Amino acid sequence: METQNIIHKLQKYKQVADMLSAKKWVHFKWYFFIKESYLKKNFDETLKKRFCWFYAFRGMSASEKDMFFRYLFSEKDANLRTILQTISQQRNKVFFSFVTKLLHTRDNALPIYDNLVAQILELPRPTGTTVGEKIQNRERIYETLRVHFQELLSNQRIQLCLENIIEELLKRARQENFQWRDELVTNEKLLDSALWILHKIKHSGTA
């Protein structure tokens, strides 16, 4: 992970805010809807559909999706291994990225894994042949992700970048009459969104 490079890119906070507020704030609009619905325990089909759309669910069977949402809506404690083991019972496939999004919805102090953030943070590549090997590998990747997030969020220059991004987003929200939900945006969520956008900027040719 090249922290200095990440800091340099995050300093372009207006460009990051441009993309995070684009298309009538679609990114935060539906993130807020999912979080608010979850906190209010509105566990209905609308939440399921929005969750699947927002997080681009692909490849899950109906029964796997059913097990996934049972965990999302359950009040019982569950960790990455337990959920992956349960959903992966039927075939040799794990849904690592989706499960980190489930865990983040339940506790938004936890980071989200996806391929774009993995590339920016230079995380290890997913490997493994059997389900057991894959789950052990994903646990190691997730722990590396959590360590990287802790390191970045404890960096004062990163903190300043995130403060600038939030300030810019709040200014735009007021100008565009968008209802910003500050209580729903943790530092982990803001960093995740910013890193995701950095990958977009890098591959758009505007970096």
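Everything below is about the structure shown above.
Conventions used here
- Residues numbered from 1 in each chain as written.
- Predicted model: local features only at pLDDT ≥ 70, side-chain atom pairs only at ≥ 80, totals over all residues.
- Heavy atoms only, no water.
- Helix = DSSP H or I, 4+ residues; strand = E, 2+ residues; numbered from the N terminus.
- Rg over C-alpha atoms; globule rule 2.2 N^0.38 Å.
- Buried < 20%, exposed > 50% of the residue type's maximum accessible area, 1.4 Å probe, protein only.
- Contact = heavy atoms within 4.5 Å.
- Areas by Shrake-Rupley, 256 points an atom, 1.4 Å probe, with all protein chains shown as cover.
- Polar contact = N/O pair within 3.5 Å; in protein donor to acceptor, adjacent residues only side chain to side chain.
- Axes fitted to C-alpha atoms, helices over the stretch in contact; angles between N-to-C directions.
- Parallel < 35°, antiparallel > 145°, perpendicular 65-115°, else oblique.
- Left-handed = near helix turned anticlockwise from the far one by under 90°.
- Nonpolar A, V, L, I, M, F, W, Y, C, P; charged D, E, K, R; others polar.
- Salt bridge = Lys/Arg side-chain N within 4 Å of Asp/Glu carboxyl O.
- Phe/Tyr/Trp six-rings, centres within 6.5 Å; stacked < 30°, edge-to-face > 60°.
- Lys NZ or Arg CZ within 6 Å of the ring centre and 35° of its normal.

(A) Broad picture of the overall build of the chain. Assigned secondary structure in the chain consists of eleven helices and zero strands. Secondary structure elements of the chain occur, N-terminal to C-terminal, as α-α-α-α-α-α-α-α-α-α-α. The C-alpha atoms of the chain give a radius of gyration of 17 Å, which matches the 17 Å a tight globule of 207 residues would have. Overall, the chain is about 45 × 35 × 30 Å in size when its C-alpha atoms are taken along their principal axes. Each of the 207 residues in the chain was classed as buried or not, and the buried ones make up 49%. Contacts spanning at least 24 positions in sequence make up 71% of the contacts within the chain whose residues lie at least 6 apart. Within the structure as shown, the chain displays about 11,000 Å² of accessible surface, and the carbon and sulfur contribution to it stands at 46%.

(B) Spotlight on the environment of Ile83. Residue placement: Ile83 occurs in helix α6 (residues 80-87). For the pair Ile83 and Lys23, spaced 60 residues apart in sequence, the C-alpha separation works out to 34 Å. Apart from the residues within four sequence positions on either side, Ile83 is in contact with Tyr71, Ala78, Val99, Leu102 and Leu103.

(C) View of the environment of Arg91. With respect to the helices, strands and loops of the structure, Arg91 is situated in the loop between α6 and α7 (96-106). The sequence separation of Arg91 and Ala118 amounts to 27 residues, and the corresponding C-alpha distance is 25 Å. Reaching out from Arg91, the side chain makes a polar contact with the backbone oxygen of Gly59 at a distance of 2.5 Å. Side chain to side chain, Arg91 and Glu64 meet in a polar contact 2.7 Å long.

(D) Here's a closer look at the packing of α6 against α7. Close contact between α6 and α7 brings their axes to 10 Å; oriented N to C, the two are set at 130 degrees. When the axis of α6 is compared with that of α7, the two are oblique. Every pair of crossing elements has a handedness; the one defined by α6 and α7 is right-handed. In contact with Leu80, Ile83, Leu84 and Ile87 of α6, α7 contributes Phe96, Val99, Thr100, Leu102 and Leu103. Across the contact of α6 with α7, the residue classes break down as eight nonpolar, one polar and no charged.

(E) Spotlight on the pattern of salt bridges. Tallied over the entire structure, the rule returns twelve salt bridges. Asp66 is the salt-bridge partner of Arg70, the closest N and O atoms lying 2.9 Å from each other. A residue pair is termed a helical-turn pair when its members lie 3 or 4 positions apart in one helix, as Arg70 and Asp66 do in helix α5 (residues 62-73) at four residues. Taking the shortest distance from any N to any O, the salt bridge between Arg81 and Glu139 comes out at 2.7 Å. With Arg81 in helix α6 and Glu139 in helix α9 (residues 131-153), this residue pair connects regions lying 58 residues apart in the sequence. Judged by relative accessible area, Glu139 falls into the partly exposed class, the value being 27%.

(F) Structural view of the packing of aromatic side chains. Under the criterion given, the structure shown has 24 aromatic pairs. Residues Phe28 and Trp180 carry aromatic rings whose centres are separated by 4.8 Å and whose planes lie at 65 degrees to one another, so their mutual orientation is edge-to-face. Taken as a pair, Phe28 in helix α3 (residues 22-39) and Trp180 in the loop between α10 (156-176) and α11 (187-202) lie far apart in primary sequence, 152 residues in all. A centroid spacing of 5.7 Å and a plane angle of 75 degrees characterise the contact between Trp30 and Phe33, whose relative ring orientation is edge-to-face. Within this pair, Trp30 and its partner Phe33 are both found in helix α3, separated by three residues, close to a single helical turn. A relative accessible area of 15% places Trp30 in the buried class. Clustering of aromatic rings is evident, with ring pairs tying together Tyr38, Phe43, Phe51, Phe54, Tyr55, Phe57, Phe68, Phe69, Phe73, Phe95 and Phe98. Across from the ring centre of Trp30, 3.8 Å away, lies the NZ or CZ of Arg50, which sits over that ring. Over the aromatic face of Trp53 sits the side chain of Arg50, whose NZ or CZ is 6.0 Å from the ring centroid.

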